[in-house]
Amino acid sequence: MDVSSFMDGLSIALEPVNIMWIVIGGFLGTVVGMLPGLGPATAVAVLIPITFSMNPVSAIILMAAIYYGAMYGGSRSSILLNTPGDGSAIAATFDGYPMAQKGQAGPALAISAVASFIGGIIAVIGFVFLAVPLANFALKFGPAEYFLLMLLTLSAIVALSIGKMVKGFLAMMIGLALATVGIDTQTGVYRFTMGLPHFSDGIDFLIVIIGVYAIGEVLYNFLNIDQQKKEKKKVGKVWFTKDQWKRSKWPILRSGPIGFLIGVLPGAGGTIASMIGYTTQKQISKNPEEYGKGAVEGLAAPESSNNAASVGAMIPLLTMGIPGSGTTAVMLGALIMLGLRPGPLLFEQQPDTVWALINSMFIGNIALVIINILLVGVLVKILDTPAKVLYPIIVLLAFIGTYTLSYSTIDFFLLLVFGIFGLFLKVLDFPIAPLVLALIVGAEMEQNFRMAVLSSNGSLGIFFSSGVSITLLVLTILSLFYPLIIKLVKKRNDLEEDQMSKSS
Amino acid sequence: MKTIKMSIPVLLILFSIIFLIASFNLPKANLGNPNAPMYFPAGLSIIMLIFSVIYFFQELKNIHKENQYIRQILSGRTPKLIGFTLLFGAVYAFIFNPLGFLLSTIIYLGALLFYINGSNKWLVNIIVTISFSFISWYAFSELLGVSLP
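I will try to describe carefully the structure that is included in this document. (Residues numbered from 1 in each chain as written. Chains lettered and ligands numbered in written order. Predicted model: local features only at pLDDT ≥ 70, side-chain atom pairs only at ≥ 80, totals over all residues. Heavy atoms only, no water.)

**Notes on the overall build of chain B**
Here is step 1 of the chain: Summing up its helical and strand segments, chain B has six helices and zero strands in all.
Here is step 2 of the chain: When the elements of chain B are put in sequence order from the N terminus, they spell out α-α-α-α-α-α.
Here is step 3 of the chain: Taking 15 Å as the expected radius of gyration for a compact globule of 149 residues, we find that chain B reaches 24 Å, considerably beyond that expectation.
Here is step 4 of the chain: Of all 149 residues assigned to chain B, the portion counted as buried reaches 43%.
Here is step 5 of the chain: Counting contacts in chain B only where the partners sit at least 6 residues apart, residues at least 24 apart contribute 57% of the total.
Here is step 6 of the chain: For chain B, the accessible surface area stands at approximately 8,100 Å², while carbon and sulfur atoms represent 73% of it. (Helix = DSSP H or I, 4+ residues; strand = E, 2+ residues; numbered from the N terminus. Rg over C-alpha atoms; globule rule 2.2 N^0.38 Å. Buried < 20%, exposed > 50% of the residue type's maximum accessible area, 1.4 Å probe, protein only. Contact = heavy atoms within 4.5 Å. Areas by Shrake-Rupley, 256 points an atom, 1.4 Å probe, with all protein chains shown as cover.)

Here you go:
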């Protein structure tokens with residue numbers, strides 16, 4: 001670890017203006033992440049315009065704060081309303097909501113905040129030690145390796161949409177197809193612009209992201225807007241007992257590193273991290289029958305794990321420029337807009353930026369645990385705000401955000417088109433992350449593929465020419481067979497259980 | 001319901017075919033390999049076509065399986081809510097420049113709130129519309145330096 005860069009980064013992160021952005025971002029992220037149906041990707045997408053007039057360092061600090069703020073926020077509504085803000089907060093409903101029903105909403109909120117905090121800190125420490133070696137390793141990558149890495153990321157994210165892989169592939173293809181619109185940078189040929197000059201630079205992926213995540217999500221939430229019932233919750237004292245802490249501390253410390261490692265993997269994200277955190281904890285527990293009925297360990301483990309994953313997911317984003325999840329894909333889009341090019345060179349050329357971000361995550365996690373414990377009253381009040389008032393505001397923010405991208409109202413129509421597109425993706429149960437990821441890395445994936453083929457005089461052998469590329473290919477194939485393996489394992493377990501129950 | 005369910009894979013198959021034809025009709029490059037801009041989209045459309053056909057058969061197999069969301073999207077006031085939100089958005093696009101940010105936003109947000117939240121909550125709607133329009137104008141135009149009409 002480069003100590004002087006670390007210290008420089010710390011001093012930047014501690015600048016009052018950056019502390020202000022960490023607190024604002026963390027709070028805004030918590031609020032948006034808390035709203036039922038809206039998760040971290042929507043939070044970052046809607047709040048992107050705030051970053052456009054900022055310097056890139058403050059912008060990335062703010063976006064990261066919004067991201068992990070939304071992870072904290074997602075579990076507030078899981079615990080209080082049994083409606084997770086997004087996938088990564090689902091596991092928090094298993095034991096968090098039963099705790100709230102038993103009158104332990106306060107301790108549940110406190111444990112969740114502290115678990116998220118510790119998980120986040122464990123992951124930031126992991127980040128400090130893992131990021132630089134990984135960036136140095138990625139420096140050795142050529143176009144062929146980059147293409148294969150992107151292929152692996154895309155296949156992994158598709159493979160993880162278990163049960164709907166075909167839809168995942170189709171979403172990915174649509175994303176890649178959208179990425180081909182515009183001038184081909186290698187030859188200057190106009191592709192699929194339909195004669196419209198507006199499309200020469202391609203379809204702005206941020207419009208697609210804001211359309212699909214913000215407008216699409218709001219339209220989707222209209223499906224049951226009139227059925228959403230208000231549930232008043234008595235929160236009480238937001239702290240936990242000594243016994244609750246004793247039961248939670250090991251699950252928190254165990255799940256943090258697990259979540260971090262899952263976050264680093266391409267394609268996996270907070271949802272899988274929290275589920276694995278939860279099931280691992282349940283499996284090793286002496287009293288698994290208590291899980292799902294308000295066991296504090298069952299809340300602590302996934303909360304630590306999903307927050308650690310959110311920090312871990314920043315590693316492939318910053319070291320290789322490859323986003324591992326929908327939210328980090330949104331962040332990559334925004335960073336490119338700001339002129340920052342995440343990748344291994346970022347660590348060489350702008351170490352201050354990276355280390356300022358890493359240090360801001362330490363400060364951010366401290367700020368968030370304070371926000372989530374001290375301001376719980378305000379947060380619960382915001383949760384009381386009717387969705388019918390909040391959704392129009394989110395739609396308006398999406399429009400303003402779109403306008404700030406190009407100062408053109410033509411994009412408003414594109415936003416609406418992608419909003420309705422996002423709605424149909426949700427209704428037809430298509431995973432959205434492969435589409436967004438493909439759209440963002442698509443252009444570069446194609447360019448890397450062509451550059452690799454060009455450098456080998458048209459031979460595809462370049463993709464099998466190095467140890468790294470062969471490893472990446474094998475991992476891609478393995479990731480595609482992963483759902484099949486899971487299915488077989490499940491079948492075998494079911495058979496064994498059947499036989500056991502018959503014999504008994 | 002069955003028609004809607006089957007129309008999606010059919011649309012995807014059509015899209016893949018059109019995309020494939022359009023890829024073959026792309027202009028030739030003057031630099032390097034003249035067909036270079038075509039390979040990636042053409043390959044992509046072929047793979048997309050294969051997956052669309054698989055999706056078609058998957059849906060055909062599950063044709064009797066109910067999709068509750070499609071039912072919800074067509075029932076109650078949901079279609080109207082979605083339709084009017086899109087319509088108001090389109091109107092907002094037309095009035096944004098001529099009326100300026102503040103006035104057009106007040107009209108747009110006000111219309112959305114009155115429609116979604118109901119006119120019986122008129123006081124909340126008016127307060128939220130006016131305060132949020134001014135706050136967003138101040139935040140973006142004054143604090144963040146975004147040039148708004």
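**What about the interface of chain B and chain A?**
Here is step 1 of the chain: Across the contact, 58 residues belong to chain B and 49 residues belong to chain A.
Here is step 2 of the chain: When the two sides are added together, the surface that chain B and chain A hide from each other amounts to roughly 5,100 Å², 82% of it contributed by carbon and sulfur.
Here is step 3 of the chain: On the chain B side of the interface with chain A, the three residues burying the most area are Phe40(B), Phe51(B) and Leu144(B), jointly 13% of the side's total.
Here is step 4 of the chain: The tally of links between chain B and chain A comes to zero salt bridges.
Here is step 5 of the chain: For the pair chain B and chain A, the number of links is one residue pair in polar contact (both at pLDDT 80 or more).
Here is step 6 of the chain: Secondary-structure elements contributing two or more residues to the side of chain B that touches chain A are helix 1 (2–24), helix 2 (36–61), helix 3 (68–74), helix 4 (78–99), helix 5 (101–117) and helix 6 (122–143) of chain B.
Here is step 7 of the chain: Across the side of chain B that touches chain A, the residue classes break down as 43 nonpolar, 13 polar and two charged. (Buried area = accessible area lost by both parts, 1.4 Å probe. Salt bridge = Lys/Arg side-chain N within 4 Å of Asp/Glu carboxyl O. Polar contact = N/O pair within 3.5 Å; in protein donor to acceptor, adjacent residues only side chain to side chain. Nonpolar A, V, L, I, M, F, W, Y, C, P; charged D, E, K, R; others polar.)

**As for unusual backbone geometry**
Residue and element names in this part refer to chain A.
Here is step 1 of the chain: If you check the backbone angles, Asp 429 has positive phi at about 65° while not being a glycine.
Here is step 2 of the chain: The phi dihedral of Asn 457 is positive, around 50°, even though this residue is not glycine.
Here is step 3 of the chain: Within the fold, Asn 457 resides in the loop between helix 20 (433–455) and helix 21 (467–503).
Here is step 4 of the chain: The exposure class assigned to Asn 457 is exposed, which follows from its relative accessible area of 73%.

Shape descriptors only; they carry no functional weight alone.
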